[in-house]
Amino acid sequence: MPSPSPDSVVQTSLHGPVLVVRIDNPPVNALGQAVRAGLLAAVERAQGDDAVRAVLLVGAGKAFIAGADIREFGKPPQPPSLPEVLHRMEQLDKPVIAAIHGPALGGGLEVAMAAHYRLALPGAKLGLPEVNLGLLPGAGGTQRAPRLMGVVAAAELMLSGKHLSAKAAQAAGLVDKLAEEGDPTAAGLAYAEELLAQGAGARRTGELPIPDAATAPAALDQLALETARKSRGLFSPARIIECVRAALELPFEQGLKRERELFMECLNSPQRAGLVHAFFAERETAKIPEARAAQPRPFARLAIIGGGTMGAGITVSALDAGLAVTMIERDAESIARGQANVEKVYDGLIAKGRMKPEAKAATLARYRASTSYDDIAEVDLVIEAVFEDIDVKKAVFRELDRVCKSGCVLATNTSYLDIDAIAAVTQRPQDVIGLHFFSPANIMKLLEIVVAAKTAPDVVATAFELARRMKKVPVRAGVCDGFIGNRILAVYREAANHVLEDGASPYEIDAAVRGFGYPMGPFQVSDLAGGDIGWATRKRKAATRDPKARYVEIADRIAERGWFGQKTGRGWYLYPQGARTGQEDPEVLAIVDEERQKKGITPRSFTHEDIMRRYMAAMVNEGARVLEEGIALRPLDIDVTFLFGYGFPRWRGGPMKWADIQGLPKVLADIREFAQEDPQFWQPAPLLEKLVAEGRDFESLNRPA
Ligand code: 3HC
Ligand code: NAI
């Protein structure tokens, strides 16, 4: 796409003595090169034109300015730089006013802070969310925000990435005045006139004193300690602290210099690459062929079949999206349990003060339960969440086919089962789709939308619309055992089992995985989810398992003892008296040893790096297979699946992005090395070999040719 011209994205017009500078760079007025050049030209015009007595900055469309143009990161910088433009703007000797409506984020708020006065309209959202992209405010924000709102409040804004409302921003000192609802230009002009009438001049933020200078040093030390503890492997938070400390200790100009150095360190870090990838990937997954080809079917009334763990969570998600839900359960007792599961969520919110009891009652007015399928004849969409048993599911779908009106979307929340086989028991396979929610379904953002062989495009589009309404992150997947996420999980979990049997303890493996950035290791996750679930799956699959493939029995030995994890007080770890954090269990280590001896394995030692090389190589290799089979559309769909469903550290961008950052030749070399020990398990995926041979990376598959 050719870059726009500066005067098309930044328009200037004189309204009496006020030069209105309108940033018009859809969709969110990001500060790309043309906007920076346009702003600089506007500053020069204001400086040179005696008719201009004040400058008013406004954004066109729905935003003031959403920040730097994130697409430019990682490319060679194009002058003028934002810090330079803002320095020139701040130095103007005529008052510069920012009228903020909608988002003023990152560089957008930095523009506003370099202005001399700030007016905010009711829908304004102000924030410095750079930390979410592995960055820090790099256009003077770390030096100006402390002068407007105090060092500690500024640091907290930058570390949290939170957005402030107009009112909160005024209370914090970021905004001088609030306007009523209306047009930012009209409100801004009125404020400009008011300031001119008062004889207000340039009020440069860089020249203001820091309001909490006396108390800040001690508070900042405390914040630095907390940040080191909470930011788990993140690179930019400590540097944000360093920047605000510079604001406190150095003259403004030197503080800006220090900010620039630290900003460049962040910009060049792999974490920035991972987080920026995650930002765009999250927005790309909804861009699928069916969304372009078909319109969603309208829906307002849902049926959820089964009110267990998943059914209840999905019901809450649907109710929260404003939909009406009828839950079908087997008998009165199950109905009562299902309803209790739903109410528990709302009661929890009420107890935390996050919901009013009246709101719970209003929400539940859209909920009913029944044991009769005849009560759901008129619903628009059904989500089945009964036991994970193909015969039970088929029986349910036969009933649905019998009662549901024509055009009703029939979805299954199965984790592994063959959706084509489920669709085949109905007379309308085109209406059947997988909607794989994650537990707890009312909290987890990921929704795998599993498109079966005969699913109609408008059913797929409807599922994506449902995800949007439920505020989920949707990923399109194809039918296979486990779809995208659970299929890949099965393989790297197996790699972890191999490492366990070969010599690492479950505790070492969990520590290595946490060290990589996951909140928990795989054995901790198993204890949390319940070891019985994986055990049941393994038993189900035992008959079809390749007898020549390596099979590690240790998990079965643990499960056979009834050690299912937290809910039974022990699993891989011990949980005395209902403890949530597990303790290492010498008996588990003895079982592991015994199993090794049975197979004649002499344990060897693994460093955390050895463990993670295997864990990640298995993940990436299976990811490549999922891609070549068309189960995932693009590598970014796999990345988003793992970021939102499996706790993959966001700053690494997802497994496929991680592989790109490592370099695919290195990952392939690891797989080939491991294949020397176990050639069956470690067969390189042909797609991975092909990409390496062609000198390409996964990113090249994200971009359409
Ligand atoms: N740069 C480039 N593109 C951006 C962008 C940005 N800063 N912010 C949003 N976009 C794009 C999105 O990718 C999306 O593109 P698409 O339509 O092609 O998918 C489009 O704008 C609309 O974005 P959303 O779908 O997110 O729209 P919403 O209305 O839901 O949200 C928003 C709007 C709140 C502005 C949200 O997009 C957002 O949070 N943006 C990022 C804000 C941010 O992080 N700013 C800091 C940037 S770093 C910086 O400024 C460094 C500085 O200190 C030097
Ligand atoms: P669960 O055992 O908690 O709930 C199942 C519910 O279905 C029970 O309340 C049961 O009474 C009801 N039920 C069984 N047969 C029924 C029928 N014929 N008609 C109406 N209701 C019936 O199970 P859970 O964990 O909620 O799982 C449900 C489905 O969701 C399974 O397919 C599972 O694989 C899938 N899933 C589970 C996840 C999890 O973490 N628990 C995550 C993602 C998907």
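Rules and cut-offs
Residues numbered from 1 in each chain as written. Chains lettered and ligands numbered in written order. Predicted model: local features only at pLDDT ≥ 70, side-chain atom pairs only at ≥ 80, totals over all residues. UniProt positions renumbered as here; feature names shortened; annotations may be inferred. Helix = DSSP H or I, 4+ residues; strand = E, 2+ residues; numbered from the N terminus. Pairing = 2+ DSSP bridges. Axes fitted to C-alpha atoms, helices over the stretch in contact; angles between N-to-C directions. Contact = placed C-beta atoms within 7 Å. Near = placed C-beta within 6 Å. Nonpolar A, V, L, I, M, F, W, Y, C, P; charged D, E, K, R; others polar. Parallel < 35°, antiparallel > 145°, perpendicular 65-115°, else oblique.

- Per an unreviewed UniProt entry, the chain carries the name 3-hydroxyacyl-CoA dehydrogenase and comes from Melaminivora suipulveris.
- Annotation of the chain in UniProt includes, under Catalytic activity (unreviewed entry), the sentence "a (3S)-3-hydroxyacyl-CoA + NAD(+) = a 3-oxoacyl-CoA + NADH + H(+)".
- According to the UniProt record, the Subcellular location (unreviewed entry) comment for the chain reads "Peroxisome".

## What about the UniProt feature "domain: 3-hydroxyacyl-CoA dehydrogenase C-terminal" (unreviewed entry) in the chain?
Here is step 1: UniProt records the feature "domain: 3-hydroxyacyl-CoA dehydrogenase C-terminal" (unreviewed entry) at residues 482-575 and 612-696, using the numbering of this structure.
Here is step 2: Overall, residues 482-575 shows 59% helix and 2% strand. The separation of its end C-alpha atoms is 30 Å.
Here is step 3: Secondary structure across residues 612-696 comprises 66% helix and 0% strand; the distance between its end C-alpha atoms is 23 Å.

## Some details on the sheet that holds strand 5 (residues 103-105)
Here is step 1: The strand order 5-7-8 describes an open sheet built from 3 strands, whose pairing is mixed. Two strands bound the open sheet, and with one partner strand each, they are strand 5 and strand 8 (163-165). This sheet shows a mean twist of 25° between the axes of neighbouring strands, independent of strand direction.
Here is step 2: Where strand 7 (residues 125-127) and strand 8 come together, 3 bridges link them in antiparallel fashion. Bridging from a neighbouring strand, Gly127 pairs with His163 of strand 8.
Here is step 3: Set on the sheet, helix 4 (residues 107-114) makes contact with strand 5 and strand 7; between it and strand 5 the angle comes to about 85°.

## Side note on the site of ligand 1
Here is step 1: Among the 26 residues in the neighbourhood of ligand 1, the closest are listed as Ala66, Gly67, Ala68, Gly106 and Gly107.
Here is step 2: Split into classes, the residues belonging to the shell around ligand 1 amount to 16 nonpolar, 5 polar and 5 charged.

## Looking at the site of ligand 2
Here is step 1: Taken together, 23 residues are adjacent to ligand 2, and Gly306, Gly308, Met310, Glu388 and Ser439 come closest.
Here is step 2: Counting residues per element, the ones that place at least two in the shell around ligand 2 are helix 14 (309-320) and helix 17 (390-403).
Here is step 3: It is helix 14 that provides the largest number of residues to the shell around ligand 2, a total of 3 residues.
Here is step 4: Of the residues in the shell around ligand 2, the class split is 10 nonpolar, 10 polar and 3 charged.

## Describing the UniProt feature "domain: 3-hydroxyacyl-CoA dehydrogenase NAD binding" (unreviewed entry) in the chain
Here is step 1: If you check UniProt for "domain: 3-hydroxyacyl-CoA dehydrogenase NAD binding" (unreviewed entry), the listed places come out as residues 302-477 in our numbering.
Here is step 2: Split by type, residues 302-477 is 41% helix and 22% strand. Its first and last C-alpha atoms lie 22 Å apart.

## Topic: the packing of helix 10 (residues 236-249) against helix 11 (residues 252-267)
Here is step 1: Packing of helix 10 against helix 11 leaves a shortest axis separation of 9 Å and a crossing angle of 175°. Taken together, the axes of helix 10 and helix 11 lie roughly antiparallel to each other. Along its contact with helix 10, which presents Ser236, Arg239, Glu242, Cys243, Ala246 and Ala247, the element helix 11 presents Gly255, Arg258, Glu259, Leu262, Glu265 and Cys266.
Here is step 2: The residue inventory of the contact of helix 10 with helix 11, partitioned by class, reads 5 nonpolar, 2 polar and 5 charged.

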